[in-house]
Amino acid sequence: MPPLTSLHLRHLLRHYHLSSPPPPTTFSLCFTPTHLPKTPALPFRFSQRPFSSSQTLNPNNTESPDPAIAQSLSTEISRDPNTDPLSISERLQLSFSHLTKNNALTPSLVLQTLKLSPDAGRTVIGFHHWLIKDSNFEQTDESLAIFVDYFGRRKDFKASHDLLVEGKSVAGVKCFESMIDRLVRAGRTTQVIGFFERMERDYGFKRDKKSLTFVVQKLCENGYASYAEKMVKNLANEIFPDDGICDLLIKGWCVDGKLEEAKRLAGEMYRGGFEIGTMAFNAMLDCVCKLCREKDPFRLESEVEKVLMEMDIRGVPRNVETFNVLISNLCKVRRTEDAMKLYSRIGEWGCCPDETTFLVLIRSLYQAARVGEGDEMIDRMKSAGYGDKLDTKAYYGFLKILCGIERLEHAMSVFEMMKADGCKPGIKTYDLLMGKWCAHNRLDKANVLYNEALSNGVTVTPKEYRVDKKFMKKPKAVKKEKKRETLPEKMARKRRRLKQIRLSFVKKPKKGMRRAL
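Bear in mind the structure is a predicted one, so any value in this text is a computation, not a measurement. Just so you know, the residues in each chain are numbered from 1, in the order the chain's sequence is written. A pLDDT threshold of at least 70 governs which residues receive local features in this predicted model, and a stricter bar of 80 or more applies before side-chain atom pairs are shown or counted, although totals over entire chains, interfaces and linings include all residues. Only heavy atoms go into the side-chain values, all of them from the structure, while hydrogens and water stay out.

**Student:** Can you walk me through the overall build of the chain in this structure?
**Tutor:** The helix and strand tally for the chain stands at 26 helices and zero strands. Per-residue burial for the chain yields a buried fraction of 42% across its 517 residues. The long-range fraction of contacts in the chain, counting pairs at least 24 apart against all pairs at least 6 apart in sequence, stands at 67%. Runs of H or I in DSSP of at least four residues are treated as helices and runs of E of at least two as strands, each being numbered from the N terminus. Residue exposure (1.4 Å probe, protein chains only): buried if accessible area is under 20% of the type maximum, exposed if over 50%, otherwise partly exposed. Contact definition: two residues touch when any of their heavy atoms are within 4.5 Å.

Structure (C-alpha cells):
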C-alpha cells in the first residue's frame, strides 16, 4: 500500500473530527477537565536547538584536545602578519608540522583554537588552508561549519561565502544551519532571503521544505515574522507550506508581541484548510499573558480563558508546555498560590510536569519566602526523575533568590544540598555567598567559604565587600558631663533670655488704635 500524503491525512483528520461528537466549550483558568476525543496528531519534527559552534562536533567523540597545543596555535594565529615575511600557512607548517604526522589535528582542536582566537580575523583563512593541505586531516561538513560560524560571529560574511564556495563538495546541513543562524542573529534578513534563493546554485545546498522550515524558525525566533511570512508566501508555488511552518509563523508574530497579526494568520490558516497545532496556541497564550501583565494584570484570567476555550472548541490537545506557560506567567505576577493549585491538577489532563515546571515553581516559592515548600518541590523534582536537571546553574539561581530575600541561613543549607548532589560550586557561587556574609558583617562565615574555595581549587579573587549599615556595630555614645557655669556665664545667659522675652512682645501703634475707635 503506498504511503499516505499530507493531503490524504488532512482529509482523514477532518472526516474524523466531523464524525466525532463536539467537545464541551466550558473552560476556565481553574482547568475544569474536559474529555476530548483522542485525535492522532500529525508528527512534525525539526531541529529545535539553536546552532552554535560548540554543537557542531559529534557527541560520541569524547576525545578532548590538549589545551597547550590549542593555546600555541592560537598565539601563532593571533600574531600580526606584518611582523613576519612568511605567510601564516608557512609559519604553521614550520612550527607545527609534528601535529600533522601524529594525526593530532581534530575538529575539537580546531574549535578550541578558534575559541581562543576571537581577534585573529582573516588570518584564520590561512589556518584553514594549512589544515586542508594536510593529507591526514579530512575536511568534513562539521569542520567547515566551525570556520563558517567563526566568521559569522565576526559578521565577516564575505569570508564565510568564500569558504563555502571553496568547500562546496563537503558543505552540508551544518554549514547551512550555521550560515543562516549567524545571518539572522546579525539582523541581515534580506541577505537571508537572498542566500536561500541562490544557495542551491552557489553552494550546492538543497532547497526543500526542511531547509525552508529551518529558515522560518530562525527568523521567527529572532523577531522577523513579517519577513518569514512574506518569504513563505513567495515560495508557496515551489515549496507548499505545511501545518508546522504555519505554526512557526504564528509563534513568530507572538514573539513580536503582535497578537492581532497572529489571529489574522490563524484565520487564514483555517480558511486554507490547515490545522493549528498546540505549539501555536501555546505561543498565543504566552503572548496574551505577556500583554496582560504589561497593560492590565486583572484581565489575565478572562483573556486566558478565551484562548483556552478556543483550544477546546478546535479540539487542540493541551500538553505540559501549555501548563508551563500559565504557571510561569502566574508566578511572574506573584500569584504563587494559584500556580501551585494549577500544578496539583496537571495530571487530570494526562500531562506530567517536566523540569521547567519544577524549576519555575521552586524559584517562585523561594521568592515568596516559602522556603520549606521550595525544599519539598526540590525533593519532588528528584522523585520525578529530573534530578539531573538540578545543575550548578539551577542551584545558583536558587541561592541568588535566597540571598536577595535575606535568607542566608537557608541559602547555606541549599548550598550544602548542592554539594551533596555532586554539583561543584564555581567562582560566582562563592563570591555571592561571601559578599552577602560580609554585608551582614559576618567575616568569620566569609572566611570559611574563602578557605573552602581555595581547598577545592576555585580561585576566588580577594576584594573589598561593603558592610550594610544595618549590620554595623554602632559605637557607644559617651555621656558628656555637665559643666558648672560660672557667675558671669550665668548672668550672660539670663540677659540673653530676658532680651528674647522682651523682643517677643510687639507693641501696637497708637494711631491704629485711635482709628479703630
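**Student:** What is the right way to read the state of the cysteines from this model?
**Tutor:** Every disulfide links exactly two cysteines, by a covalent bond between their sulfur atoms. Disulfide assignment relies on a single distance test, namely cysteine sulfur atoms paired within 2.5 Å. Taken as a whole and judged by the stated rule, the model has zero disulfides. You can see Cys292 has no disulfide; the closest cysteine sulfur is in Cys289, sitting 6.7 Å from it.

**Student:** Explain the side chain of Asn329 here, please?
**Tutor:** With respect to the element layout, Asn329 can be found in helix α17 (residues 320–332). Contacts of Asn329, omitting those with residues within four sequence positions, involve Asp286, Cys289, Lys290 and Arg293.

**Student:** In this structure, what is going on with a nonpolar patch on the surface? I would like to understand it.
**Tutor:** Only residues whose relative accessible area exceeds 30% and that form no salt bridge enter a patch; like-charged residues are grouped when within 9 Å of one another, and nonpolar side chains (Val, Leu, Ile, Met, Phe, Trp, Tyr) when within 5 Å. Residue burial considers only the protein chains on display, and all accessible areas are found by Shrake-Rupley using a 1.4 Å probe. In what follows, salt bridge is the name for a side-chain nitrogen of Lys or Arg lying within 4 Å of a carboxyl oxygen of Asp or Glu. Together, Val467, Phe471 and Met472 make up an exposed nonpolar region whose accessible area comes to about 230 Å². Position of Met472 among the secondary structure elements: in the loop between α24 (443–455) and α25 (487–504).

**Student:** I would appreciate a short explanation of the environment of Ile427 in the present structure.
**Tutor:** Tracing the backbone through its elements, the reader meets Ile427 in helix α23 (residues 427–439). Looking at Ile427, the relative accessible area reads 44%, which means it is partly exposed. Through-space distance from the C-alpha of Ile427 to that of Thr459 is 7.0 Å; in sequence the pair is 32 residues apart. With residues up to four places along the chain from it excluded, the contact list for Ile427 reads Val458 and Thr459.

**Student:** What is the right way to look at the UniProt feature "repeat: PPR" (unreviewed entry) in the chain in this model?
**Tutor:** UniProt positions are given in the numbering used here, feature names are shortened, and annotations may be inferred rather than shown by experiment. The positions that UniProt labels "repeat: PPR" (unreviewed entry) are, in the present scheme, residues 242–276, 319–353 and 391–425. For residues 319–353, the helix share is 63%, the strand share is 0%, and the end-to-end C-alpha distance is 10 Å. In residues 391–425, the share of helix is 74% and the share of strand is 0%. The end C-alpha atoms are 10 Å apart.

**Student:** How do you make sense of the packing of helix α8 (residues 157–166) against helix α9 (residues 173–185) when you look at a structure like this?
**Tutor:** Relative placement of two packed helices is described by the angle separating their axes and the distance separating the axes. A fitted line through C-alpha atoms represents every axis, and for helices the fit uses only the stretch in contact; the resulting angles, taken between N-to-C directions, go from 0 to 180 degrees. Closest axis-to-axis distance for the α8/α9 pair is 12 Å, and the angle between their directions is 165°. In terms of their interaxial angle, α8 and α9 are classed as roughly antiparallel. For the crossing formed where α8 meets α9, the hand is left-handed. Where α8 approaches α9, its residues Phe157, Ser160, His161 and Leu164 are matched on the opposing element by Cys175, Met179, Arg182 and Leu183. In the contact of α8 with α9, the residues fall into five nonpolar, two polar and one charged. Put simply, angles under 35 degrees are roughly parallel, angles over 145 are roughly antiparallel, angles from 65 to 115 are roughly perpendicular, and the rest are oblique. Each crossing gets its hand from how the near helix is turned against the far one by less than a right angle, where anticlockwise is left-handed and clockwise is right-handed. Throughout, the ten residues Ala, Val, Leu, Ile, Met, Phe, Trp, Tyr, Cys and Pro are labelled nonpolar, Asp, Glu, Lys and Arg are labelled charged, and all others, Gly among them, are labelled polar.

**Student:** Help me understand unusual backbone geometry in this model?
**Tutor:** Notably, Lys155 is not glycine yet its phi reads approximately 60°, a positive angle. Within the element layout of this structure, Lys155 appears in the loop between α7 (141–153) and α8. Non-glycine residue Arg334 carries a positive phi angle of around 65°. Looking at the secondary structure, you find Arg334 in the loop between α17 and α18 (336–344). Judged by relative accessible area, which is 57%, Arg334 ranks as exposed.

**Student:** Looking at this model, I keep getting lost on the environment of Pro425. Mind explaining?
**Tutor:** Note that Pro425 resides in the loop between α22 (408–420) and α23. Once the C-alpha coordinates of Pro425 and Asn456 are considered, the two residues, 31 residues apart in sequence, prove to be 9.2 Å apart.

**Student:** How do you make sense of the environment of Ser117 when you look at a structure like this?
**Tutor:** Summarising the element assignment, Ser117 is placed in the loop between α5 (107–115) and α6 (123–133). C-alpha separation for the pair Ser117 and Ser74, spaced 43 residues apart in sequence, amounts to 5.5 Å. In contact with Ser117, other than residues within four places in its own chain, are Ser74, Ser78 and Tyr150. In protein, a polar contact requires one atom able to donate a hydrogen and another able to accept it; more generally it is a pair of N or O atoms within 3.5 Å, and residues adjacent in sequence count only if both atoms are side-chain atoms. Of note is the side chain of Ser117, whose polar atom sits 2.7 Å from the side chain of Ser74.

**Student:** When you look at the pattern of salt bridges in this model, what are you seeing that I'm missing?
**Tutor:** Where charged atoms of side chains with opposite charge meet at close range, the side chains can pair. Evaluated as defined, the whole model comprises 31 salt bridges. In this structure, Lys158 and Asp162 form a salt bridge, with 3.1 Å as the shortest nitrogen-oxygen distance. Here the residue Lys158 and the residue Asp162 both occupy positions in helix α8, the gap between them amounting to four residues, near one helical turn. Note that Asp202 is salt-bridged to Arg201, the shortest N-O span being 3.4 Å. Owing to a relative accessible area of 23%, Asp202 belongs among the partly exposed residues under this scheme. A residue is classified by how much of its surface remains accessible, and Arg201, at 56% relative accessible area, is exposed.

**Student:** Help me understand the nonpolar core, please; the structure alone is not making it clear to me.
**Tutor:** Side chains of nonpolar character tend, in soluble globular proteins, to be buried together. In this description, a nonpolar core means a group of buried Ala, Val, Leu, Ile, Met, Phe, Trp, Tyr and Cys residues linked to one another through side-chain atoms lying within 4.5 Å. If you look at the biggest cluster of nonpolar residues, it comprises 136 residues, and the most contacted ones within it are Phe195 and Ile250. Element by element, the count of residues in this core is highest for helix α15 (residues 278–295), at nine residues. Sequence-distant contacts of Ile250, defined by excluding residues within four places in its chain, comprise Ala262, Leu265, Ala266, Met269, Ile276, Ala280 and Met284.

**Student:** Explanation requested: helix α16 (residues 300–314) in the structure shown.
**Tutor:** One full turn of an α-helix is made of 3.6 residues, so residues set three or four places apart face in the same direction. In a regular helix each residue adds 1.5 Å, so 15 residues correspond to 21 Å; α16 covers 22 Å between its end C-alpha atoms and thus fits that length. Turning to α16, its buried residues number three or more, namely Leu300, Glu303, Val304, Val307, Leu308, Met311 and Asp312. In this structure, the buried residues of α16 make contact with α15 and α17. One fewer than the residue count of a helix, multiplied by 1.5 Å, yields its expected span.

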